[in-house]
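Residues per chain are reported as follows:
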Amino acid sequence: MTVPADCLRCGVCCFSTLDTYVRVTGDDWTRLGAEAERVAHFIGHRAFMRMQDGHCAALQVRRCTDGAPELFCTIYDRRPQTCRDLARGSPECEGELLRKAGGIVT
Ligand code: SF4
Ligand code: SF4
């Protein structure tokens, strides 16, 4: 398995069918600021990123000049700590790629 050289050409770790995929802590919610209600919500007493169409609601796809899809986080500077901790090439990243091969939007 090869780890992509650029997360923008991957986005695999932003995909899930679980509503409770990305936990949003109190600090995360504060960091999200005005974006919080758009991209996150409460399920019971805990907050999570909203999920839609099988991926995090903050993920968007755009076409590069070469026509290839680029998957980018619309709240990158404010993303939850869980996302900050998942470094490209880490065991967690490799686990995501192994589990979800084929989840990339093409
Ligand atoms: S951290 Fe890994 S799984 Fe996530 S977008 Fe980057 S290369 Fe893909
Ligand atoms: S907040 Fe950004 S980095 Fe985290 S799962 Fe959503 S789109 Fe991906």
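Here we look at the overall build of the protein chain
1) Next: Along its length, the protein chain carries four helices and seven strands.
2) Next: Its helices and strands taken in sequence order, the protein chain reads β-α-α-β-β-β-β-β-β-α-α from the N to the C terminus.
3) Next: In summary, the protein chain has a C-alpha radius of gyration of 14 Å against a globular reference of 13 Å for 106 residues, a match within 12%.
4) Next: Viewed in the frame of its principal axes, the protein chain has a C-alpha envelope of about 40 × 30 × 20 Å.
5) Next: Out of the 106 residues in the protein chain, the part that is buried amounts to 33%.
6) Next: Of all intrachain contacts in the protein chain linking residues separated by at least 6 positions in sequence, the fraction that spans at least 24 positions is 60%.
7) Next: Element-wise, carbon and sulfur atoms account for 51% of the exposed surface of the protein chain, whose accessible area totals about 6,600 Å².

Here we look at the site of ligand 1
1) Next: In the vicinity of ligand 1, the contacting residues are P4, C7, C10, G11, C13, L86, R88, C93 and L97.
2) Next: Class assignment of the residues belonging to the shell around ligand 1 gives a composition of seven nonpolar, one polar and one charged.

A look at the environment of T25
1) Next: Within the secondary structure, T25 sits in the loop between β1 (23–24) and α1 (26–32).
2) Next: C-alpha of T25 to C-alpha of R62: the two residues are 37 residues apart in sequence and 29 Å apart in space.

A short note on the pattern of salt bridges
1) Next: One pass over the full model with this rule turns up six salt bridges.
2) Next: In this structure, the salt-bridge partner of D66 is R9, at a minimum N-O distance of 3.6 Å. Of this pair, D66 sits in the loop between β6 (59–63) and β7 (69–73) while R9 is found in the segment before β1, placing the two residues 57 residues apart along the sequence.
3) Next: What makes D66 exposed here is its relative accessible area of 54%.
4) Next: Across the pair K100 and E96 runs a salt bridge whose closest N-O atoms are separated by 2.5 Å. The same class applies to K100 and to E96, which are both buried.
5) Next: Each of the salt bridges in this network shares a partner with another, and the network as a whole consists of E96, R99 and K100.

The rules behind the values
Numbers given for residues are sequential positions, taken from 1 along each chain in its written order. In the order they appear in the text, chains get letters beginning with A and ligands get numbers beginning with 1. A pLDDT threshold of at least 70 governs which residues receive local features in this predicted model, and a stricter bar of 80 or more applies before side-chain atom pairs are shown or counted, although totals over entire chains, interfaces and linings include all residues. The side-chain values count all of the structure's non-hydrogen atoms but skip hydrogen atoms and water molecules. Secondary structure elements are taken from DSSP: a helix is a run of H or I of four residues or more, a strand is a run of E of two residues or more, and numbering for both begins at the N terminus. The globule rule used here is 2.2 Å times the number of residues to the 0.38 power, and the radius of gyration it is set against is calculated over C-alpha atoms. Each residue's exposure class comes from its accessible area (1.4 Å probe, protein chains only) as a fraction of the maximum for that residue type: buried when under 20%, exposed when over 50%, partly exposed otherwise. Whether two residues are in contact is decided by their heavy atoms: any pair within 4.5 Å suffices. Surface accessibility follows the Shrake-Rupley procedure with a 1.4 Å probe radius. Residue values consider only the protein chains on display as shielding. We define proximity as follows: a residue is near a molecule or strand when any one of its heavy atoms falls within 4 Å of that partner. Put simply, Ala, Val, Leu, Ile, Met, Phe, Trp, Tyr, Cys and Pro go in the nonpolar bin, Asp, Glu, Lys and Arg in the charged bin, and everything else, Gly too, in the polar bin. Salt bridge, as applied in this entry: a Lys or Arg side-chain nitrogen positioned within 4 Å of an Asp or Glu carboxyl oxygen.

By themselves these figures say nothing about function.
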